[in-house]
Amino acid sequence: MYSMTGYGKGVVREGGLEVTVEVKSVNNRFLDLAVKCPRTLLSSEEAIRSAVRESVSRGHVDVFVGYCDRREKQKTLFVDMNAAASYVTAAKELGARFPELSNDVTLSFLLRQTDVARPEEVAEEDEALVCAVKSALAAALAQHAAMRKSEGERLKRDLVDRMNTIAALRDKIALRAPLVAEEYRKKLTERMSEYLAGKVEETRILTEAALFCDKCNIDEELTRLQSHIEEFHHICGEARVGRKLDFLVQEFNRECNTICSKSNDKQVTACALEMKNEIEKVREQVQNLE
C-alpha cells in the first residue's frame, strides 16, 4: 500500500558532472506530472516522464532536474570574416579621414571583438549527462517510493483499526436487530390492551408486528456490510488500492444510510451513526492512497 505523498532526491557526481533530481508528490485524483529541467535536457524530458509513470500511477508529481558541469570540453572558434572585414574597412576610412591618428587595428584587436570571434562547443549528444540524469532519477524515485510505502503502511494500520471498529458496530447492530420486532410486538400488545380493556386480537397484533418487521428488516444490509468488510481487508493486501477503496467506501456509506432510514430503534440508529463517523474517517484517509 502506497501513499500519494512523498519526496525523493538523487545526486550523481562523476567526471566533473554533478546532477541532482528531486521528486515530490501530493494527493491528486489522477496522475498530474510536471517536469522542470534545463533547456539542454529537453530532449530527455519524455524519458523522464516515462520513468516516473512506471513508478507512480496517481497524484500530482513535480520533478526538478539540475546539474553543474565542470568538465573540459572540446571547443572551436568561429570567426566572422565579414565582420572582421568591416572593422578593417572602417579603420582604413577613419585613417584617411584623420591621418594624424595612428591605426592600431591588429589581429589581436579583431579577435577581442565578440561579433568577430566566438567560441562554440562541439555539437554532439552528451551521453554522459543523460546517463547521469537517469541514474539520479532512479535514485530519487527509489527514495520517493520508500517514503510513500512507509507512509502507506502507517495509513494501512489506521484503516485496519477503523475497519475493526466498523465490524464491531456491525456485529452490535446484528445482535440488536432481531430484538426490535419483539419489543415492538410487546409495546403494541400493551397499548392495544390499554385501549381495548384487555380484549386483544392476537392475530391482528401478529400481523402488525410482521409488517413492522418486514419494513425495518436490515438483514440484507448487514450481510452486504460483512461482505464489504472482508473485501476491504483483501484489497488492503494490494499495492495500489486508492481507487478500489474509494469506491468501496461509497458502498459502506450506502448500506449505513439504508440502516439508518429503515431502523426504528434508538440503539441501532446510534450504532449506525457511529459507524458513519468511522466510515467518513476512512474515506478521508483513502484520499491519501495511491
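Residues numbered from 1 in each chain as written. Predicted model: local features only at pLDDT ≥ 70, side-chain atom pairs only at ≥ 80, totals over all residues. Heavy atoms only, no water.

Undergrad: Got a sec to walk through helix α8 (residues 266–286)? Specific residues and values, please.
TA: The terminal C-alpha atoms of α8 lie 30 Å apart, and with 21 residues this matches the ideal 30 Å at 1.5 Å per residue to within 8%. For α8, every residue scored as buried is listed here: V268, C271, A272, M275, E278, I279, V282, Q285 and V286. Buried residues along α8 cover an arc of 125 degrees about the axis, so they all sit on one side. (Helix = DSSP H or I, 4+ residues; strand = E, 2+ residues; numbered from the N terminus. Expected span 1.5 Å × (residues − 1). Buried < 20%, exposed > 50% of the residue type's maximum accessible area, 1.4 Å probe, protein only. Arc of directions from axis to C-beta.)

Undergrad: Report on the pairing of strand β2 (residues 17–26), specifying residues and quantitative values.
TA: Here β2 shows a clear split, with L17, V19, V21, V23 and S25 buried on one side and none of E18, T20, E22, K24 and V26 buried on the other. Between the end of strand β1 (residues 6–14) and the start of β2, which pair antiparallel, lie 2 residues, with G15 showing a positive phi angle near 55 degrees. (Pairing = 2+ DSSP bridges.)

Undergrad: Could you give an account of the nonpolar core, with specific residues and numbers?
TA: Core analysis: the largest hydrophobic core is formed by 31 residues, its most contacted members being I166, I173, F232, L245, F252 and M275. For this core, the element with the highest residue contribution is helix α4 (residues 127–195), accounting for 8 residues. When sequence neighbours within four positions are dropped, the list of residues in contact with M275 reads I166, L169, R170, I173, L225 and C256. L17, V56, V61 and L129 belong to the second largest nonpolar core, which has 22 residues in total. (Core = buried A, V, L, I, M, F, W, Y, C linked by side-chain atoms within 4.5 Å. Contact = heavy atoms within 4.5 Å.)

Undergrad: Could you give an account of the environment of R154, with specific residues and numbers?
TA: The topology assignment puts R154 in helix α4. On the accessibility criterion, R154 (40% relative accessible area) is partly exposed. Taking the C-alpha atoms as reference, R154 lies 9.7 Å from Y2; in sequence the two are 152 residues apart.

Undergrad: Please provide a residue-by-residue account of the packing of aromatic side chains, values included.
TA: In total, this model carries 1 aromatic pair according to the counting rule given. Pairing Y87 with F109 gives two aromatic rings, centres 6.0 Å apart and planes at 85 degrees, and the pair type is edge-to-face. With a gap of 22 residues between them, Y87 in helix α2 (residues 81–97) and F109 in helix α3 (residues 107–111) connect regions that are remote in the sequence. On the basis of relative accessibility, which here comes to 26%, the residue Y87 falls in the partly exposed class. When its relative accessible area of 25% is taken as the criterion, F109 is described as partly exposed. In this structure, R97 is placed above the aromatic ring of F98, and the distance from its NZ or CZ to the ring centre is 5.0 Å. (Phe/Tyr/Trp six-rings, centres within 6.5 Å; stacked < 30°, edge-to-face > 60°. Lys NZ or Arg CZ within 6 Å of the ring centre and 35° of its normal.)

Undergrad: Break down the side chain of S25 for me, with residues and values.
TA: Tracing the sequence through the fold places S25 in strand β2. Exposure remark for S25: the relative accessible area of 2% places this residue in the buried category. Among the polar contacts made by the side chain of S25, one reaches the main-chain carbonyl oxygen of M4 at a distance of 2.7 Å. Excluding residues that lie within four positions of it along the chain, S25 makes contacts with M4, T5, G6, H60, V61, H144 and R148. (Polar contact = N/O pair within 3.5 Å; in protein donor to acceptor, adjacent residues only side chain to side chain.)

Undergrad: Residue-level account of the pattern of salt bridges, with values.
TA: Within the structure shown, the criterion is met by 16 salt bridges. E290 is the partner of R148 in a salt bridge, and the nearest nitrogen-oxygen pair spans 2.3 Å. Highlighted residues: R148 in helix α4 and E290 in the segment after α8, separated in sequence by 142 residues. We note that R148, like E290, is buried. In this structure, E278 engages R162 in a salt bridge whose closest nitrogen and oxygen atoms are separated by 3.2 Å. Of the two residues, E278 sits in helix α8 while R162 sits in helix α4, which places them 116 residues apart along the sequence. Linked by salt bridges that have partners in common, E220, E221, R224 and E255 make up one network. (Salt bridge = Lys/Arg side-chain N within 4 Å of Asp/Glu carboxyl O.)

Undergrad: Quick rundown of helix α1 (residues 45–55)? Include the residues and the values.
TA: Buried residues of α1: E45, I48, V52 and S55, and no others. Projected down its long axis, α1 shows its buried positions confined to an angular sector of 85 degrees, all on one face.

Undergrad: Got a sec to walk through the packing of helix α6 (residues 219–235) against helix α7 (residues 242–262)? Specific residues and values, please.
TA: Running from amino to carboxyl end, α6 crosses α7 at an angle of 160 degrees, the nearest separation of the two axes being 10 Å. Accordingly, the angle class assigned to the pair α6 and α7 is roughly antiparallel. You can see that α6 and α7 cross each other, and the crossing is left-handed. Across the interface between the two elements, E221, L222, R224, L225, H228, I229, E231, F232 and I235 of α6 pack against K244, L245, L248, E251, F252, E255, T258, I259 and K262 of α7. Of the residues in the contact of α6 with α7, the class split is 9 nonpolar, 2 polar and 7 charged. (Axes fitted to C-alpha atoms, helices over the stretch in contact; angles between N-to-C directions. Parallel < 35°, antiparallel > 145°, perpendicular 65-115°, else oblique. Left-handed = near helix turned anticlockwise from the far one by under 90°. Nonpolar A, V, L, I, M, F, W, Y, C, P; charged D, E, K, R; others polar.)

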